[in-house]
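Chains, contacts and geometry: an overview
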Amino acid sequence: TLGQSYRNRAEPDFMGTSISGARWKWAGIGMACIFLVLLGRSAQLQIWQGNAFYTLAEGNRIREEVIPADRGRILDRAGTVLVQNIPAFSLWVSRDALLDQDAYVQLVDRLAALLEGDARDLHDQLLTSSSLGEEILITHNMPTAAALEVLASPEQYPQVRVEAGVRRYDSSAASKTLSALLGYTGAMNEREYEEYSESGYKQNELIGKIGIEESYEQVLRGFPGERRVEVDAVGRPQSILEKRDAVDGATLMLHIDAALQSMIEEKLVTLQRELGILNASVIVMDPRDGGVRALVSYPGFDSNLFMDKIDAEQYRSLLEDPARPLFSRAISGQYPSGSTFKPIVAAAALDAEVITEHTTLLSNGGIRIGQFYFPDWKAGGHGMTNVRKALADSVNTFFYMIGGGYLDFEGLGLDRMMTVASSFGLGKPLGIDVPHEASGFLPSALWKNEVKNEPWYIGDTYHVAIGQGDILVTPLQVAAYTSAFANGGTLYTPQVVDRYESQGKMQDVAPRILSEHTASPEAIEIVREGLRQTVTEGSGKRLNTLPIPVAGKTGTAQWHNEKENHAWFTGFAPYDNPELVVTILIEEGGEGSTVAVPLAYTIFDWWFQH
């Protein structure tokens, strides 16, 4: 009984289960459904979407990188390096870094301290950046010590990338007038990316912005390469799976003589110091092929300021400078031509048989039309004048008459003058291989009527005949048509680039002829003789002391009632076999014979000594 009682306490009787058979049935069905759902999802991920997820996994493990091509160098005609690439580190920040405010503030403070800059400036740069794509370029010229710190401690700089590469450097910065010609590189904006992406450009590539860097962008850029790199979980490269090498950009050799350009710039600095001259343009060309030996827009600027991120204060200073150093006045400036236009009028009159080389007209101080008087520059006039003397002494009365006529003497008239002026390259861009060339302007009676609501008067024709009134030219155009008179009548497109070398092969940039017959050989020769007489007997006599024979034309262009006239000179040498054309414009310089001719003397003398 005791044993039975212990056993009963230790092994209580079975009371039954609280889960019915039906519940067990439904639980089994539910488990089966869950299993089928998991099985179906697994099949979906592994079978139907397997390739897509495999690609994503590979994307996390394999990184595609662009191998930038070294941009081509730019050399002058003597082989002096003007623009090159130098080693540098670039700093990029992911756009995702801007999403987390607290982390963003910490990152900006840390980067500002690293770069020894102002956190507010860096913040403004990040928010206003025009960089496209997933990363924002901070600088292409990161200090080496700062770059090494980021590379050594990437965990301290999340969403920051440092890349070893090169940056553009203008070796010719000592000659600031070369900067507008050479140009600089910069990041693409949205409009530029839309244009360049069609040629295979990536979002954060740098492109040429102005000058040669812009016009020869495709030649200088080269062809970037690509590589596929296997990376670990934190993005560190492990191995290169595939690689296509980059092809470096071509090296450009220019017609430009950097030493000549520097010398001219130094002389202009002296003129500014002595005479207060602010602005000038000087163009030196080879009349035999249109090669540009010097293209000076004074003052200039240091293009290295733009090679990275230009300081806002520096940029504001350049924009607000009254001398406008960023303006390429030699090719984009438009000015009244003054008497430098008279050789074209003389050639037109000779070819139209308005005059012959023997025609003489009386200059007695000016001519009167009704109440209006059109004076000569010399009181009392120059007496009996033929075309050679008219060019040599810049006799206004002679050109009034052959341009517009007087009494019973029939002149060319406006339309014939403008037609011949157009054949000498005026009124349209010449096509120089540097961007942003201006066209100048040739007026017409229809234009005046439509724009000024006035008829065209005979006085307007007189003004145009001496290079005044509404006619506008660029210094480049004056140099180009002077070259045509120098070489016997051929008008060339001015060219800055002579040739370029790519992958060991040299490619010449052939001269381009705009017109082979700007005027008849006979008219060209008579005008040449008049331009030579300018130096031997006329307003350019100072040049007659040079050891080589020079021909040329001075000019004084009125452009403002209260400001000084512009001073011009354009000429060529040696007279018998020209190899150099020099065109000078000194803005508000006064008389061409006073300020422009002495500078021309220096340029001719330097060139033929060197």
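Just above sits the structure.
Described in the following lines is the structure provided in the data block. (Residues numbered from 1 in each chain as written. Predicted model: local features only at pLDDT ≥ 70, side-chain atom pairs only at ≥ 80, totals over all residues. Heavy atoms only, no water.)

**Details of the overall build of the protein**
Basically, it comes down to this: The helix count covers DSSP runs of H or I at least four residues long, the strand count covers runs of E at least two residues long, and both are numbered beginning at the N terminus. Exposure classes here rest on a 1.4 Å probe applied to the protein chains alone. A residue is buried below 20% of its type maximum, exposed above 50%, and partly exposed in between. By definition, residues are in contact when any of their heavy atoms lie within 4.5 Å. The charge count treats Lys and Arg as positive and Asp and Glu as negative. His and the chain ends do not count. Lys charges are placed at NZ, Arg charges at CZ, Asp charges at CG and Glu charges at CD.
Looking only at helices and strands, the protein features 22 helices and 23 strands. The principal-axis extent of the C-alpha atoms belonging to the protein is close to 165 × 50 × 45 Å. Of all 610 residues assigned to the protein, the portion counted as buried reaches 48%. A fraction of 69% describes how many contacts in the protein between residues 6 or more apart in sequence connect residues 24 or more apart. Across the protein, the 52 positively charged side chains and the 78 negatively charged ones have centroids separated by 4 Å.

**Describing the sheet that holds strand β11 (residues 280-285)**
Using the following cut-off: Between any two strands, pairing holds if DSSP finds at least two bridges. Each axis is a line fitted through C-alpha atoms, taken for helices only over the stretch in contact, and angles between the N-to-C directions span 0 to 180 degrees.
One open sheet accounts for five strands, arranged β12-β11-β23-β22-β21; its pairing is antiparallel. Since the sheet does not close on itself, it has two edges, and those belong to β12 (292-298) and β21 (551-557), each with one partner. Neighbour-to-neighbour, the strand axes of the sheet open up by a mean angle of 5°, direction not taken into account. With six bridges joining them, β11 and β12 adopt antiparallel strand pairing. Within β12, the residue paired with Val284 across the bridge is Ala294. Each of β11, β22 (566-573) and β23 (580-586) touches helix α20 (residues 475-487); the most contacted strand, β23, lies at about 150° to it.

**Considering the packing of α20 against helix α21 (residues 521-536)**
Stated formally: The cut-offs work like this: below 35 degrees is roughly parallel, past 145 is roughly antiparallel, 65 to 115 is roughly perpendicular, and the gaps in between are oblique.
Where α20 meets α21, the closest approach of the two axes is 8 Å, and the angle between their N-to-C directions is 105°. Relative to α21, α20 is oriented roughly perpendicular. Residues Ala484, Phe485 and Ala486 of α20 form the contact with α21, whose own contacting residues are Ile524, Val527, Arg528 and Leu531.

**Some words on the packing of helix α14 (residues 342-351) against helix α16 (residues 396-404)**
As a reminder of what qualifies: Handedness of a crossing follows from how the near helix is turned relative to the far one, being left-handed for an anticlockwise turn of less than a right angle and right-handed for a clockwise one. Each residue receives one of three labels: charged for Asp, Glu, Lys and Arg, nonpolar for Ala, Val, Leu, Ile, Met, Phe, Trp, Tyr, Cys and Pro, and polar for the others, Gly being one of them.
One can describe the packing of α14 onto α16 by two numbers: an axis separation of 10 Å at closest approach and a directional angle of 45°. By the angle between their axes, α14 is oblique relative to α16. In the packing of α14 onto α16, the handedness of the crossing is left-handed. Contacts from Lys342, Val345, Ala346 and Ala349 in α14 reach Asn396, Phe399 and Ile402 in α16. Tallied by class, the residues present in the contact of α14 with α16 amount to five nonpolar, one polar and one charged.

**Some words on the packing of aromatic side chains**
The condition is simple: Only the six-membered ring of Trp is used, alongside the rings of Phe and Tyr, when aromatic pairs are assigned; centres must lie within 6.5 Å, and planes under 30 degrees apart are stacked while those over 60 apart are edge-to-face, with the rest tilted. Whether a charge sits over a ring comes down to the Lys NZ or Arg CZ being within 6 Å of the ring centre and within 35 degrees of the ring normal.
On inspection of all chains with the given rule, the structure shows eight aromatic pairs. For the pair Phe374 and Tyr400, a centre-to-centre distance of 6.0 Å together with 65° between the ring planes defines the contact as edge-to-face. Of this pair, Phe374 sits in strand β15 (residues 372-375) while Tyr400 sits in helix α16; the two residues are 26 residues apart in sequence, bridging distant segments of the chain. Ring geometry for Phe398 versus Phe399: centroids 5.6 Å apart, planes at 75°, classification edge-to-face. Each member of the pair Phe398 and Phe399 is classed as buried. One aromatic cluster is present, built from ring pairs that chain together Phe374, Tyr400 and Tyr462. Positioned over the ring face of Tyr157 is Arg110, at 5.9 Å from the centre of the ring. Directly above the ring of Phe327 sits Arg324, whose terminal nitrogen or CZ lies 4.3 Å from the centroid.

**Digging into a nonpolar patch on the surface**
Stated precisely, the cut-off is as follows: What makes a patch is a set of residues exposed beyond 30% relative accessible area and free of salt bridges, joined within 9 Å when like-charged and within 5 Å when nonpolar (Val, Leu, Ile, Met, Phe, Trp, Tyr). To measure how exposed things are, a 1.4 Å probe is used in the Shrake-Rupley method; for residues, cover is taken only from the protein chains shown. By definition here, a salt bridge exists when the distance from a side-chain nitrogen of Lys or Arg to a carboxyl oxygen of Asp or Glu is within 4 Å.
A cluster of nonpolar side chains, Met31, Ile34 and Leu38, forms an exposed patch at the surface whose accessible area comes to about 350 Å². What makes Leu38 exposed here is its relative accessible area of 57%.

**Overview of the sheet that holds strand β8 (residues 225-231)**
As summarised here, the arrangement of the three strands in space is β1-β8-β9, forming an open sheet in which the pairing is antiparallel. Of all strands in the sheet, those with a lone pairing partner are β1 (62-67) and β9 (237-244), marking the two edges. Going across the sheet, the axis of each strand differs from the next one's by a mean of 25°, ignoring polarity. Here six bridges tie β1 to β8, and the two strands are oriented antiparallel to one another. By the bridge assignment for β8, Arg63 is matched with Val229.

**What to know about the environment of Ala119**
Structurally, the position occupied by Ala119 is in helix α5 (residues 119-128). Spatially, the C-alpha atom of Ala119 lies 62 Å from that of Thr518, the residues being 399 residues apart in sequence. Residue contacts for Ala119: discarding those within four places in its chain leaves Val108, Asp109 and Ala112.

**A closer look at the nonpolar core**
Side chains of nonpolar character tend, in soluble globular proteins, to be buried together. Stated formally: For the purposes of this section, nonpolar cores are sets of buried Ala, Val, Leu, Ile, Met, Phe, Trp, Tyr and Cys residues that join through side-chain atoms within 4.5 Å.
Judged by nonpolar contacts, the single largest core of 86 residues is most densely connected at Ile212 and Leu254. Beyond its immediate stretch of four places on either side in the chain, Ile212 contacts Ile74, Leu181, Leu182, Gly183, Glu217, Leu220, Leu252, Leu254, Val434, Val496 and Val497. With 34 residues, the next largest nonpolar core counts Ile277, Val582, Ala596 and Ala600 among its residues.

**Regarding the pairing of strand β10 (residues 251-254)**
Successive side chains on a regular strand alternate, one facing one side of the sheet and the next facing the other. Residues Thr251 and Met253 point to one face of β10 and Leu252 and Leu254 to the other, with burial holding for every one of them. Of the strand pairs in this sheet, strand β2 (residues 74-75) and β10 are connected by two bridges, and their pairing is parallel. In the sheet register, Ile74 faces β10, and the bridge partner there is Leu252. In the sheet, β10 pairs with strand β18 (residues 497-502) via four bridges, with the strands oriented antiparallel.

**Thoughts on unusual backbone geometry**
The omega torsion across Tyr298 and Pro299 is 0°, close enough to zero to call that bond cis. Turning to its location among the elements, Pro299 is positioned in the loop between β12 and α12 (312-320). Each neighbour pair has its own omega, and for Ala573 with Pro574 the value is -15°, a cis peptide bond. The topology assignment puts Pro574 in the loop between β22 and β23.

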